[in-house]
Amino acid sequence: QVQLVESGGGLVQPGGSLKLSCAASANTFNIYIMAWYRQAPGKQRELVARILTGGSTIYVDSVKGRFTISRDGAKNTVYLQMNSLKPEDTAVYYCHAEAGSSPNQRYQYWGQGTQVTVSS
């Protein structure tokens, strides 16, 4: 089992910055992928950024150059540094992890979500 606890959301003005954190408690499982998703009102949940164990990252086009995902393997924590925030970044942000006892046996885990509101 893996538990994900997010923190760092809040209200920020356009152009501002926020940093989200997600701490994972994985017990005996290995965490292979960690990611951030977001869901705005009336919209589907979308992938924002993903980071693999080796450090490879991917981003949705709308956040490239503004958001940075990073991971502290020793702490099993993933971060999302969000700069130059726009009102359209307003959403509930969810931490996600793929973890399991082996690469061929993975499970999906979600955090409870943290609200990010970008507004003047």
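Residues numbered from 1 in each chain as written. Predicted model: local features only at pLDDT ≥ 70, side-chain atom pairs only at ≥ 80, totals over all residues. Heavy atoms only, no water.

Focus: the environment of M82
Link 1 in the chain: With respect to the helices and strands, the residue M82 is situated in strand β8 (residues 77-82).
Link 2 in the chain: For M82, a relative accessible area of 0% translates into the label buried.
Link 3 in the chain: The contact partners of M82, leaving out residues within four places of it in the chain, are G16, S17, L18, L20, R66, F67, Y93 and V116. (Helix = DSSP H or I, 4+ residues; strand = E, 2+ residues; numbered from the N terminus. Buried < 20%, exposed > 50% of the residue type's maximum accessible area, 1.4 Å probe, protein only. Contact = heavy atoms within 4.5 Å.)

Thoughts on the state of the cysteines
Link 1 in the chain: By the definition in use, this model includes one disulfide.
Link 2 in the chain: The partner cysteine of C22 in its disulfide is C95, sulfur to sulfur 2.1 Å. Around the S-S axis, the bridge from C22 to C95 shows a dihedral of about -85° and counts as left-handed. Of this pair, C22 sits in strand β3 (residues 18-25) while C95 is found in strand β9 (residues 91-102), placing the two residues 73 residues apart along the sequence. (Disulfide = S-S within 2.5 Å.)

Structural notes on the pairing of strand β10 (residues 105-110)
Regular strands place side chains that alternate from one sheet face to the opposite one.
Link 1 in the chain: With six bridges joining them, β9 and β10 adopt antiparallel strand pairing. Bridged to A97 within β10 is Y109. (Pairing = 2+ DSSP bridges.)

Some words on the environment of A97
Link 1 in the chain: Among the secondary structure elements, A97 is positioned in strand β9.
Link 2 in the chain: As a C-alpha pair, A97 and Q112 span 15 residues in sequence and 12 Å in three-dimensional space.
Link 3 in the chain: If we skip the residues at most four places from it in the chain, A97 touches L4, I31, I33, M34, Y107, Q108 and Y109.

Some remarks on unusual backbone geometry
Link 1 in the chain: For N76, which is not glycine, the phi torsion reads 50° and is therefore positive.
Link 2 in the chain: As for its position among the elements, N76 is in the loop between β7 (67-72) and β8.
Link 3 in the chain: With a phi angle near 50°, S84 is a residue other than glycine that sits in the positive phi range.
Link 4 in the chain: You can see S84 is positioned in the loop between β8 and β9.

Some details on the packing of aromatic side chains
Link 1 in the chain: Evaluation of the coordinates by the stated rule reveals three aromatic pairs.
Link 2 in the chain: Each ring, one from Y37 and one from W110, has its centre 4.9 Å from the other, and the planes form 65°; the classification is edge-to-face. Taken as a pair, Y37 in strand β4 (residues 30-39) and W110 in strand β10 lie far apart in primary sequence, 73 residues in all.
Link 3 in the chain: Overall, Y37 belongs to the buried group, its relative accessible area being 15%.
Link 4 in the chain: Its relative accessible area of 39% is what places W110 among the partly exposed residues.
Link 5 in the chain: With a centroid separation of 6.5 Å and 85° between ring planes, the pair formed by Y94 and W110 is classed as edge-to-face. (Phe/Tyr/Trp six-rings, centres within 6.5 Å; stacked < 30°, edge-to-face > 60°.)

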